[in-house]
Amino acid sequence: MILDGSGAKPYRGDVRVNDERIVDVVPAERRLPPSEGDVIDCAGATLMPGLIEPHAHLSFVDQATPHAFSSLPVEEHLLLSLKHARLYLDQGFTAAFSAAATKPRLDVVVRNAIRSGDYPGPRLLAASVQLTVTGGVGDLRQLHLDPGEAMYTLPCDGPAEFRRAAREACREGVDVLKIVASGDTSTPAIPSARTVMADDEVAAVAEVARQHERRVAAHARSAESIKMCLRHGVDVIYHATCADEEAKDMLEEHRDRVFVAPALSVTWTRLHEAESFGLPSSNAIKARVARDLELTVECMKDLHRRGVRVLPGGDYGFLWNPHGSNARDLAYFVDLLGFTPMEAIVGATRLGGEIMGMPDSLGRVRNGYLADLLLVDGDPLADVRILQNRRRLLAIMQNGVFHKAPPPDLGQRRRAAA
Ligand SMILES: [Zn+2]
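(A) Up close: the coordination of the zinc ion. Those protein atoms acting as donors to the zinc ion are H55 (NE2), H57 (NE2) and D315 (OD), and they sit at 2.1 Å. Read from N- to C-terminus, the donor residues coordinating the zinc ion fall into the pattern H-x1-H-x257-D. Remark: D315 occurs in the loop between α9 (283–305) and α10 (328–335) and H55 occurs in strand β4 (residues 51–56); sequence separation between them is 260 residues. Of the residues examined, D315 reaches a relative accessible area of 9% and is grouped as buried.

(B) Quick look at α9. In a regular helix each residue adds 1.5 Å, so 23 residues correspond to 33 Å; α9 covers 33 Å between its end C-alpha atoms and thus fits that length. The complete set of buried residues in α9 reads V289, D292, L293, T296, V297, C299, M300, D302 and L303. The secondary structure elements touched by the buried residues of α9 are β11 (236–239), α7 (245–253), β12 (259–261) and α8 (264–272). One or two positions beyond α9, positive phi appears at G307, with a value near 80 degrees.

(C) How the structure looks around the packing of α10 against helix α11 (residues 341–348). Taken N-terminus to C-terminus, the directions of α10 and α11 make an angle of 140 degrees; their axes are 9 Å apart at the nearest point. One finds that α10 runs oblique with respect to α11. Crossing of α10 against α11: the hand is right-handed. Contacts between α10 and α11 pair L330, F333 and V334 from the former with P341, A344, I345 and A348 from the latter. Class assignment for the residues of the contact of α10 with α11 results in seven nonpolar, no polar and no charged.

(D) Summary view of the nonpolar core. Core analysis: the biggest nonpolar cluster contains 98 residues, and F97, I179, I226, I237, L251 and L387 have the highest contact counts within it. Residues in contact with I179, not counting those within four places in the same chain, are L131, M197, V202, V205, V216, A217, A218, H219, C229 and V234.

(E) Expanded view of the sheet that holds strand β6 (residues 123–125). If you walk across this open sheet you meet the three strands as β4-β5-β6, and the pairing is parallel. Both outer strands of the open sheet, β4 and β6, are each paired with one neighbouring strand and no more. Strand-to-strand twist across the sheet, computed as the mean angle between neighbouring axes with direction ignored, equals 15 degrees. Pairing between β4 and strand β5 (residues 93–98): four bridges, direction parallel. Its bridge partner being in β5, A56 is matched across the sheet by S98.

(F) Fine view of the packing of aromatic side chains. In the structure shown here, the tally under the stated rule is eight aromatic pairs. Aromatic pair F69 and F318: ring centres 5.9 Å apart, planes at 50 degrees, arrangement tilted. A residue pair is termed long-range when its members are at least 10 positions apart, and F69 in helix α1 (residues 67–71) and F318 in the loop between α9 and α10 qualify at 249 residues. The exposure class of F318 is buried, given its relative accessible area of 12%.

(G) Fine view of the packing of α8 against α9. The geometry of α8 relative to α9 is characterised by a closest axis approach of 9 Å and an angle of 145 degrees between their N-to-C directions. For α8 against α9, the interelement crossing comes out left-handed. Counting all contacts with α8, which are made through L264, T267, W268, R270 and L271, the residues of α9 involved are I285, K286, V289, A290, L293, T296 and V297.

(H) Expanded view of the environment of S128. If you trace the backbone, S128 turns up in strand β7 (residues 127–132). A relative accessible area of 2% places S128 in the buried class. Contact partners of S128, with chain neighbours within four places excluded, come to A100, A101, A169, V174, V176, L177 and K178. A polar atom in the side chain of S128 sits 3.0 Å from the backbone nitrogen of K178.

Cut-offs and rules
- Residues numbered from 1 in each chain as written.
- Predicted model: local features only at pLDDT ≥ 70, side-chain atom pairs only at ≥ 80, totals over all residues.
- Heavy atoms only, no water.
- Donors = N, O, S within 2.8 Å, 3.2 Å for Na, K, Ca; no water.
- Helix = DSSP H or I, 4+ residues; strand = E, 2+ residues; numbered from the N terminus.
- Buried < 20%, exposed > 50% of the residue type's maximum accessible area, 1.4 Å probe, protein only.
- Expected span 1.5 Å × (residues − 1).
- Contact = heavy atoms within 4.5 Å.
- Axes fitted to C-alpha atoms, helices over the stretch in contact; angles between N-to-C directions.
- Parallel < 35°, antiparallel > 145°, perpendicular 65-115°, else oblique.
- Left-handed = near helix turned anticlockwise from the far one by under 90°.
- Nonpolar A, V, L, I, M, F, W, Y, C, P; charged D, E, K, R; others polar.
- Core = buried A, V, L, I, M, F, W, Y, C linked by side-chain atoms within 4.5 Å.
- Pairing = 2+ DSSP bridges.
- Phe/Tyr/Trp six-rings, centres within 6.5 Å; stacked < 30°, edge-to-face > 60°.
- Polar contact = N/O pair within 3.5 Å; in protein donor to acceptor, adjacent residues only side chain to side chain.

Below you can see the structure in the form of structure tokens.
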């Protein structure tokens, strides 16, 4: 069964891959002629595009607080980032759009190591560290302590400092400049509804991105931060928690250009699962997180109705929301946002190709597209949860090469079991 990522109904058929590309996709009535290559009898398993993670932080280290990202020396940090990269590919994520690194060159080095074929991982768009203002999310400095260089966020003040930080990140080779324009659920002193960056600061980063042909992704939970980002051409809006009518109208107006990804998992698991990881929440925290989740869900439902591209991606990499469980986001889209399983899958495949900047070569099973493919035991449209189960991924291909090859007797086995 070919689930091609376009949103079209799956159909039985044959697919031929040559080198790194898909070169033939034909429905079952017209079988592919016999050829020289390896033939894999999938016996009715589902062939679909590799999953794409739109909000990855490969250098988050599955700890409870961001202090852990900062205190880790760069050598250990690189090894952990590479480990997470392999885990993503093992879980069927063949591409990822980074939503910030925690040290300036981590993403760049990991991207290059994957690209050169030296280390397994998703094809990656590498991000800068988060750029925000003094007192913004992740500014861990205290006046009585020398912070040294130990910060996962780079505080900048005024357009000149933002411009310099953005240019430096471009020099080091990032694809994505990440800004934190609003407060966050996790920081009561700077709540989600608060805007922290100034208009000219966002403009400065956006200008550098345009000049250097990079992308800007923004943590933007407050209504004003969303509007500011849209005015200056920011490409990706994360969270959009407190979008008001005007912000939603603007997102709709820019829907052919902009992507929205709510990052539901980090909030949902903080509310419902953090306690089982030994992180009890006070009633005040619970109330705050629950409110943010509720606002985000309502906003995403509305944006989805308005035809805005709402993508999965869940800020994985915290103790209570660990790396590798990324496919859970598809189930949140179905259960919380009312997406059909098909819409959730399109969000993680075709729209994933679009956010990666490769709409004509990534995220679909189609002639000429890159052969990033999953072979799934079962029908993900009947239950998107099966994509969370690594054992249900019979094969994982990236660039036409198996990261996980199917068992040689796959067809016989499946027929015997049926
Ligand atoms: Zn994030």
